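What follows is each chain in one-letter form.
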Amino acid sequence: MSLVFAINGQRFELELSSVDPSTTLLEFLRYQTTCKSVKLSCGEGGCGACVVLLSKYDPVLQKVEDFTVSSCLTLLCSVNHCSITTSEGLGNSRDGFHPIHKRLSGFHASQCGFCTPGMCVSLFSALLDADKSQSSELTVVEAEKAVSGNLCRCTGYRPIVDACKSFASDVDIEDLGLNSFCRKGDKDSSSLTRFDSEKRICTFPEFLKEEIKSVDSGMYRWCSPGSVEELSSLLEACRANRDEVSIKLVAGNTSMGYYKDEREQNYDKYIDITRIPQLKEIKENQNGVEIGSVVTISKVISALKEIRVSLGVEKMFGKLATHMEKIAARFIRNFGSIGGNLVMAQRKQFPSDMATILLAAGAFVNIMSLPRGLEKLTLEKFLERSPLEAHDLVLSIEIPFWHSETNSELLFETYRAAPRPNGSALAYLNAAFLAEVKDTMVVNCRLAFGAYGTKHAIRCKEIEEFLSGKVITDKVLYEAITLLGNVVVPDDGTSNPAYRSSLAPGFLFKFLHTLMAHPTTDKSSNGYHLDPPKPLPMLSSSQHIPINNEYDPVGEPVTKAGASLQASGEAVYVDDIPSPTNCLYGAFIYSTKPFARIKGIHFKENSVPTGVVAVISRKDVPKGGKNIGMKTGLGSDQLFAEDFTITVGECIAFVVADTQRHADAAANLAVVEYETEDLESPILSVEDAVKKSSLFDIIPFFYPQQVGDTSKGMAEADHRILSSEIRLGSQYFFYMETQTALAVPDEDNCIVVYSSTQSPHYVHSSVAACLGIPENNVRVITRRVGGAFGGKAVKSMPVATACALAANTLQRPVRTYVNRKTDMIMTGGRHPMKITYSVGFKSTGKITALELEILIDAGASLGYSTFIPSNIIGALKKYNWGALSFDIKLCKTNLLSRAIMRSPGDVQGTYIAEAIIENVASSLSLEVDTIRKINLHTYESLALFYKDGAGEPHEYTLSSMWDKVGVSSNFEERVSVVRQFNESNMWRKRGISRVPIIYQVSLISTPGRVSVLSDGTIVVEVGGIELGQGLWTKVKQMTSYALGMLQCDGTEEFLEKIRVVQSDSLSMVQGNFTGGSTTSEGSCAAVRLCCETLVKRLRPLMERSGGPITWNKLISQAYAESVNLSASDLYTPKDTPMRYLNYGTAVSEVEVDLVTGQTTVLQTDILYDCGKSLNPAVDLGQIEGSFVQGLGFFMLEEYITDPEGLVVTDSTWTYKIPTVDTIPRQFNVEILNSGCHERRVLSSKASGEPPLLLAASVHCATRQAVKEARKQLHMWKGEDGCSDSTFQLPVPATMPVVKELCGLDIIESYLEWKLRSNSKL
Ligand SMILES: Cc1cc2nc3c(=O)[nH]c(=O)nc-3n(C[C@H](O)[C@H](O)[C@H](O)COP(=O)(O)OP(=O)(O)OC[C@H]3O[C@@H](n4cnc5c(N)ncnc54)[C@H](O)[C@@H]3O)c2cc1C
Ligand code: FES
Ligand code: FES
């Protein structure tokens, strides 16, 4: 029997017996076809990079059904008779790009591009759905949801959402952000064509329709029975063979995203149950609805929304559907089944939403188990019973229609608290309540809670009984909630147990409160949603962009070079390069002990896993080479652990196998034997490092300078805060493309390495040093990188070097694409630190002195940590502290070496400054905004703190920007609106904050080469790497501008003629590294020098021509006269200031839900000084993207390790970067054009990193809201809150953190207060 399907219209036929049934669709697409637009990023259904459109044809209804799925979880065998469409199937560079590709490009919505093909397919699917809907048109509401489950780490989502909305029929063109189709104020939207269904591509080819036939379910490892009877006999046969035949029932297979270890399990039989008609049915009768177990969650949602029985039932089913829309992302719901979800909950304690809400709804489960036959169980019994056997089958789920027999009203509500409001995140706790009520009396009720760290969802029978027949009063509520305290208790080991437990009273209170609260008569209802919770407000935005034509086309918002190619998925990243013949694949074996003797490595069960060819370790370093994995100008690091491990996550060996899957599996099966006897205990904290004097020397040149005399400043102060402490944790890069490299041995002991790196130059040195070969034997090639954020500056080097060493040892090409978990464990992140400060200040709030002690955890090796102290102080100096002194220690610990993540040190510096300002304001009981303003620099104090870096007086724009953003954001008025809101709302509090930033950058030397080819086209090479930051685009603009100086005809079309090509470390020597926000400028400056040389060489020819001459003619002439048309140069910033300052301000307003601790960013207004922007569209993208990454650091991204330093938040399940629903609802950005500055590159400024610091405004606003909540709580508790005003809000301010500060017992306290007040009446 064969497997027949289509990919982008092309037919594929595979012999079923030759297919490993555990092969995923993604593996097939990426490794066995040329289709590379499908990207692997998480491999667990959590990011959307791998999304494809799957189309099925129903021959009876003659209908094609199209929906998105995550190809990393979909099994290849599941797509029999299906058609797959990928982004390059929508359109491509050969056949023409699809309007979606053009739209993403034109809205500047693709930066590194790694997420973009998945975004395009998700949008395409939304357009198809809309097309098939009644109205046939996409609405803005649907458009905003189109990519809600897809992650993007670069853009900050705003431009992606705008690109989606641009297809909506009800969009107001004025509301769309910056794009290349129409300018602001343009009413003509004709260039924004609607999605044309007539011209739409065929998602299901005709030939496949004819091939659909019944499936032979027989004798293969993969079988697809066509009926329950057929399935029964199959199961019976397997059961008879119990010991020999392992089986797996497969529906959508999405559970593999959570139970990753199961992936390695090789079952004898995979039984696809999705082709059994009985299991796909949805039947309705007068008692309820019965849903077949394999019905997908998306279909369940649609069906529930269509139920028409009675108002109460319709409302209830509507709420079930709305809750289900928060389960995972659409591309998971489209393939994951209702039955699969319940089985995960029943068998493996999955924290399911489905189980909780169906439990409250009184659902039943029909199952077929072989010994017992057919059974109908309540969901409660189903969950409680021992885990289902592999042969047990869930047939269907029944949800009853509840009819009130007592003339009472039916109330149903569901709740969940999760890091992301619109789903794509497991709940901390979920709940659903059903009640029959008469006026304010509960006749009876069902109360279900789940996902809080318990075996399965539960019903609270004790409380149900307590409430039955009771009129809801404060006292009853209080007693019910007190009872809850003993019931919702997470199992040991669950994260945030107290927070989870505290949510339960909140939800029950919300539900029952609706029975007693009447807004007109009862003040307690103030600010409470008596209606169901409001959906998040829609996203909106504005951009004010100065266009500077002086250096045309520099300064134009030109679309990113190659953006359409990225959208169609044709852009080639390292893992997209086809594997050379004989290629092998590597995976890292890393240490799990911080300091231990390595006794040996073997594989589990002492058998070599399938496909393993070699295990490469330090013993394989050739003679003359060194065990080096990283070498920079600042030193080197070893590649493999020697006899001892120094940290967890350290590379011990590199297992090489015939496929990436086999290599990963083998690395999982590796057992490292450790011994710790007689060894000192590892250093796992900065305090311990100080105690043991384990410190790195800081090169004096990099040590920042103190300012003024702090003893004097302290003496002048009216008030002092002494020895206050702040702690800051880490953040993971979460680039969408994980670390990857391909090494190919070449003739004469040479090697070519393709590396996804920010530093080809240093990868080059590392490989040569490790292999012990001259540097001219090595070539490192990098075309583009799928996001880096500092994580590929250093940490890419050992990855490339390991591949090179393995390739050299085995004399075969070796590549690796590090899986997400290993990447998270091995690459480290931002520097954690502990700060102790003393600050002196006047009663006016003017600060006179600041003294700091900063202990930075640098990890086990120094690397680029040497820059962190000056970066921290550079950003912290944004305020005039009067005098500033500090003692900074770089602690050497047995923790993973830290890397320089976007705004390294600067983001911590800015935060420290704000924490101090907040503390001063609180202790003086003054408005924090006043304290900020009073301590802003004048130019004179700026020059004192920053010396030469301060530049000329006219360059200091910050203080005027502070006022300007105040006006543009309507700050003062909103402050009073927030105050009023807080006075009249009890359960939601708002905060608003304005924050300034100063960010110092340095320029470094950068090479470039410009060559003109005989047809007049131009090729440019630069030292800088395109990481998504738009470097190539700016370089193209600069080349065009600089060659345009010749002013011959045809130069207007230069942008079309210029191609920036991949970086080749042999061609562009001294390439340095890309980072620090200035590489685009440096590369532009280098290219400008090259162009000036070419202009000089060409000018005499022009003059000799005696009249106007076209570019092409000029070049032909130059070729004829053998003029050298290739110029290279090295830009060195000697003649310019090495450093300059960047300025920005932001105002953010947030709303905190005190019941859940959820913070919604209502509005952010950014004003950022870009100098004369080289490309405002690119800079806008950097500002927004950087801000949202900062939002992740301050609010969402919890980087948690075990006591030995091993990262435990190691997947998309536990590490939550921002999504569309967590960015500011109103996101306004204004770019300031701050005039000429001769010594900067065409007066431009950096935009890549500084705006990340502005996200501190969100944190500060949240702190304000929390402060309001605490005031109220203290009042309820009858406590004096004044002494508490200096509390600290930790970073990240996640929901549990915020809730804890607002009061875990807030509901209890409120009710106690009310009861006390009532008793006094
Ligand atoms: C990224 C992601 C996020 C998620 N977030 C949430 C969330 O927030 N809330 C939530 O509730 N869920 C969440 N889920 C779970 C999701 O709903 C389930 O993965 C999905 O419903 C499982 O259905 P499936 O058809 O893919 O099951 P499969 O993966 O095919 O099967 C799951 C298990 O059940 C067995 N099985 C399947 N069907 C049957 C049957 N009829 N009878 C007996 N055994 C059967 C299989 O053998 C397997 O062991 C998430 C999943 C992912 C991947
Ligand atoms: S790679 Fe499939 S969802 Fe992330
Ligand atoms: S552009 Fe979205 S991840 Fe880079």
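Structural notes, computed from the coordinates. (Residues numbered from 1 in each chain as written. Chains lettered and ligands numbered in written order. Predicted model: local features only at pLDDT ≥ 70, side-chain atom pairs only at ≥ 80, totals over all residues. Heavy atoms only, no water.)

### Some points on the overall build of the chain
Along its length, the chain carries 39 helices and 44 strands. The C-alpha atoms of the chain give 31 Å as radius of gyration, which agrees with the globular expectation for 1321 residues (34 Å, within 12%). Taken along its principal axes, the extent of the C-alpha atoms in the chain is 100 × 80 × 75 Å. The buried share among the 1321 residues of the chain stands at 63%. Restricting the contact set of the chain to residue pairs at least 6 apart, pairs at least 24 apart contribute 78%. (Helix = DSSP H or I, 4+ residues; strand = E, 2+ residues; numbered from the N terminus. Rg over C-alpha atoms; globule rule 2.2 N^0.38 Å. Buried < 20%, exposed > 50% of the residue type's maximum accessible area, 1.4 Å probe, protein only. Contact = heavy atoms within 4.5 Å.)

### Considerations on the site of ligand 1
Around ligand 1 lies a shell of 36 residues, among which Leu249, Thr254, Ser255, Ser337 and Asp353 are the nearest. For ligand 1, an oxygen atom lies 2.8 Å from a polar atom in the backbone of Asn253. Asn341 is positioned such that a nitrogen or oxygen atom in its side chain is 3.0 Å from an oxygen atom of ligand 1. Listed by contribution, the elements that provide at least two residues to the shell around ligand 1 are strand 7 (247-250), helix 13 (338-348), helix 14 (353-360) and strand 13 (393-400). Counting residues per element, the shell around ligand 1 draws most heavily on helix 13, at five residues. (Near = heavy atom within 4 Å. Polar contact = N/O pair within 3.5 Å; in protein donor to acceptor, adjacent residues only side chain to side chain.)

### What about the packing of helix 32 (residues 1031-1043) against helix 34 (residues 1079-1105)?
Two elements in contact, helix 32 and helix 34, have axes whose closest approach is 9 Å; the angle formed by their N-to-C orientations is 25°. As summarised for this structure, helix 32 and helix 34 are arranged roughly parallel, according to the angle between their axes. Of the two elements, helix 32 crosses helix 34, and the hand of that crossing is right-handed. Of the residues in helix 34, those touching helix 32 at Leu1031, Lys1034, Val1035, Met1038, Thr1039, Tyr1041, Ala1042 and Leu1043 are Thr1079, Ser1080, Ser1083, Cys1084, Val1087, Arg1088, Cys1091, Leu1094 and Val1095. A class-by-class count of the residues in the contact of helix 32 with helix 34 yields 11 nonpolar, four polar and two charged. (Axes fitted to C-alpha atoms, helices over the stretch in contact; angles between N-to-C directions. Parallel < 35°, antiparallel > 145°, perpendicular 65-115°, else oblique. Left-handed = near helix turned anticlockwise from the far one by under 90°. Nonpolar A, V, L, I, M, F, W, Y, C, P; charged D, E, K, R; others polar.)

### What to know about unusual backbone geometry
With an omega dihedral of 0°, the bond running from Asp552 to Pro553 counts as a cis peptide bond. The residue Pro553 is located in the loop between strand 18 (540-544) and helix 19 (563-568) in this model. Cis geometry marks the peptide bond from Val1291 to Pro1292; its omega dihedral reads -5°. By the element assignment, Pro1292 lies in the loop between helix 37 (1256-1277) and helix 38 (1295-1303). Phi is positive for Gln349, which is not a glycine, with a value near 55°. Of note, the phi angle at Ser723 is positive, near 50°, even though the residue is not glycine. With respect to the element layout, Ser723 can be found in strand 28 (residues 719-728).

### Quick notes on the pattern of salt bridges
The full count for this structure, using the stated rule, is 69 salt bridges. The structure contains a network of salt bridges with shared partners spanning Arg30, Lys39, Asp575, Asp576 and Arg815. (Salt bridge = Lys/Arg side-chain N within 4 Å of Asp/Glu carboxyl O.)

### A word on the nonpolar core
Grouped together as the largest cluster of nonpolar side chains are 341 residues, with contacts concentrated most on Leu467, Leu852, Trp881 and Trp1111. Considering each element in turn, this core owes the most residues, 11 residues, to helix 34. Formed by 44 residues, the second largest nonpolar core is a distinct cluster that contains Leu304, Phe317, Val343 and Ala361. (Core = buried A, V, L, I, M, F, W, Y, C linked by side-chain atoms within 4.5 Å.)

### Some details on the sheet that holds strand 18
Taken in spatial order, the five strands line up as 18-44-43-42-36 in an open sheet, and their pairing is mixed. Only two strands of the sheet have a single partner each, and these edge strands are strand 18 and strand 36 (988-1002). Recorded for the sheet is a direction-independent mean angle of 10° between the axes of neighbouring strands. In this structure, strand 43 (residues 1159-1169) lies alongside strand 44 (residues 1226-1232), joined through seven bridges in parallel fashion. (Pairing = 2+ DSSP bridges.)

### Digging into the side chain of Asn548
When you line up the elements, Asn548 lands in the loop between strand 18 and helix 19. The residues contacting Asn548, other than those within four sequence positions of it, are Val554, Gly555, Lys1172 and Asn1233.

### Some words on the sheet that holds strand 26 (residues 670-675)
An order of 24-20-26 is seen for the three strands of this open sheet, with the pairing classed as antiparallel. Because the sheet does not close on itself, it has two edges, and the strands there are strand 24 (644-645) and strand 26. In terms of strand pairing, strand 20 (residues 596-603) meets strand 26 through six bridges, oriented antiparallel. Note that in strand 26 the partner of Ile601 across the bridge is Val672. Its contacts with the sheet place helix 20 (residues 660-669) against strand 20 and strand 26, and it is angled at close to 30° to strand 26.

### Observations concerning the packing of aromatic side chains
Within this structure, the stated rule accounts for 46 aromatic pairs. Plain terms: the ring middles of Tyr732 and Tyr735 are 6.0 Å apart, the flat faces sit at 70° to each other, and that makes the pair edge-to-face. Exposure remark for Tyr732: the relative accessible area of 1% places this residue in the buried category. Between the aromatic rings of Tyr864 and Phe1073, the centroid separation amounts to 5.4 Å while the plane-to-plane angle is 35°, which identifies the pairing as tilted. Here Tyr864 is found in the loop between strand 34 (847-859) and helix 26 (868-876), whereas its partner Phe1073 is found in the loop between strand 40 (1063-1064) and helix 34, with 209 residues between them in sequence. You can call Phe1073 buried: its relative accessible area is 17%. In textbook terms, an aromatic cluster arises when at least three aromatic residues are bridged by ring pairs, as seen for Tyr415, Phe433, Phe449, Phe507 and Phe511. (Phe/Tyr/Trp six-rings, centres within 6.5 Å; stacked < 30°, edge-to-face > 60°.)

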